Amino acid sequence: MPLVVAVSTSIAAAHGLLIRDRAAFEGARRTQAIVFDKTGTLTKGEFGITDILAFDKAMTANELLSFAASIEQNSEHPIARGIARNAKEKWSVDNFRAIPGKGAEGDVKGKPVKVVSPGYLREKNIAVTDPRVAELSRQGKTVIFVLVSGELKGAIALADIIRPESKPAIARLKAMGIRCIMLTGDKREVAEWVAREIGLDEVVAEVLPDQKVAKIREIEERGLFTAMTGDGVNDAPALAQADVGIGIGAGTDVAIETADIILVKSNPADVPAIIELARATYRKMIQNLLWATGYNVIAIPAAAGVLAHWGIILGPAVGAVLMSASTVICAVNARLLRLA
């Protein structure tokens, strides 16, 4: 068993999985439900464009985005940075002005351009008739509007970017028979959109930071052995409450200190990997235990002379060889964990 532990620890470290609590790691094989925080764990924690709606057929989606990005490149707002980051082309802006609480405006290519919130449209009684906008709002996405020369030309929807590794990771966990749950303080519409995109089994949304521990406890009270994955200060108590706490390497210090296992690469795909490694480690332990027990049940009586009646006597040298063979077989089996 110590050989298996040493090999599994080495494998985990080589793949960026730091085990701080061996008992919790070995217990991870029993995981029946895993709870994920959303922001920074399943998502990148930064805004990205999900949809571009051009209302005017004379303007392409790329042109609409370039007009918006040209205005937003002067802003430090997270949504503005998300728009500017995704545009392939941006143009110079004259007479840039912020519209307090509503957006920004300026002159681009000699045309007055405004990038504004839905509140600005309501204030100016500008109607939005495209049904796609309402659907984007129902999904919990942030929708901003672009006006060029006073005419509403289109809309851009943004959302927290889902990590590309999240969906395959959830699929692997579900294939292992593990229930996947998301616990977040975000609006239900946003949480449910993310859940649909990556295939989660259950969503617990609009949870205050001090309620996360209670939610983990509720899941455990269903009789489910529960793991929790998170990265923020608010996740630390929940990580401590869960049967296994898995911290994200790029997360806060307090979350990392609380976690039993740390994912250095901050990759959701490492969550099923650590559970698979825990299961493989346990199998190797049982195999070595069964081998050593069975081997000694036969070898010890033989060494004691039980077979002497039939003329079979094991000398000290033979006994030493057989004992060494047992150790070598267990060591080789432990090393085979790398192939599991």
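### Considerations on the nonpolar core
Generally speaking, a soluble globular protein has its nonpolar side chains buried in company with each other.
So, point 1. Ranked by internal contacts, the top residues of the largest apolar core, which has 41 residues, are Ile-34, Leu-173, Leu-200 and Ile-246.
So, point 2. Listing elements by their share of this core, those giving two or more residues are helix H1 (2-14), strand S2 (33-36), helix H8 (166-175), strand S9 (179-183), helix H9 (188-198), strand S12 (244-248), strand S13 (261-263) and helix H13 (270-303).
So, point 3. For Leu-200, the residues in contact, after removing those within four places along its chain, are Leu-42, Ile-170, Cys-180, Met-182 and Ala-195.

### Looking at the sheet that holds strand S3 (residues 43-54)
So, point 1. Taken in spatial order, the six strands make up an open sheet running S3-S8-S7-S6-S5-S4, and their pairing is antiparallel. The open sheet is flanked by S3 and strand S4 (93-99), the only strands paired with a single partner. For this sheet, the mean inter-axis angle between neighbouring strands, taken without regard to orientation, is 20 degrees.
So, point 2. Bridge count between strand S5 (residues 103-108) and strand S6 (residues 111-116): six bridges; the pairing is antiparallel. If you follow Gly-103 over to S6, its bridge partner there is Val-116.
So, point 3. Packing of helix H7 (residues 131-138) onto the sheet brings it into contact with S3, strand S7 (142-148) and strand S8 (151-162), and relative to S3 it is tilted by some 165 degrees.
So, point 4. Against the sheet, H9 touches S3 and S8, its axis set at about 70 degrees to S8.

### Section: the packing of aromatic side chains
So, point 1. Tallied over the full model, the rule gives one aromatic pair.
So, point 2. Plain terms: the ring middles of Phe-67 and Trp-91 are 5.1 Å apart, the flat faces sit at 75 degrees to each other, and that makes the pair edge-to-face. With a gap of 24 residues between them, Phe-67 in helix H4 (residues 61-72) and Trp-91 in the loop between helix H5 (78-86) and S4 connect regions that are remote in the sequence.
So, point 3. Against the face of Tyr-282 rests Arg-29, its NZ or CZ located 3.6 Å from the ring centre.
So, point 4. The cationic tip of Lys-109 hangs over the ring face of Trp-91; the distance from NZ or CZ to the ring centre is 3.9 Å.

### Focus: the packing of H13 against helix H14 (residues 316-335)
So, point 1. Following both chains from N to C, one finds H13 and H14 inclined at 165 degrees, their axes separated by 10 Å at the closest point. Here H13 lies roughly antiparallel to H14, going by the angle between them. You can see that H13 and H14 cross each other, and the crossing is right-handed. Listed contacts from H14 to Lys-284, Gln-287, Asn-288, Trp-291, Tyr-295 and Asn-296 of H13 are Leu-322, Met-323, Ala-325, Ser-326, Ile-329, Cys-330, Asn-333 and Ala-334.
So, point 2. For the contact of H13 with H14, the per-class residue count stands at eight nonpolar, five polar and one charged.

Procedures and definitions
Residues numbered from 1 in each chain as written. Predicted model: local features only at pLDDT ≥ 70, side-chain atom pairs only at ≥ 80, totals over all residues. Heavy atoms only, no water. Core = buried A, V, L, I, M, F, W, Y, C linked by side-chain atoms within 4.5 Å. Buried < 20%, exposed > 50% of the residue type's maximum accessible area, 1.4 Å probe, protein only. Helix = DSSP H or I, 4+ residues; strand = E, 2+ residues; numbered from the N terminus. Contact = heavy atoms within 4.5 Å. Pairing = 2+ DSSP bridges. Axes fitted to C-alpha atoms, helices over the stretch in contact; angles between N-to-C directions. Phe/Tyr/Trp six-rings, centres within 6.5 Å; stacked < 30°, edge-to-face > 60°. Lys NZ or Arg CZ within 6 Å of the ring centre and 35° of its normal. Parallel < 35°, antiparallel > 145°, perpendicular 65-115°, else oblique. Left-handed = near helix turned anticlockwise from the far one by under 90°. Nonpolar A, V, L, I, M, F, W, Y, C, P; charged D, E, K, R; others polar.

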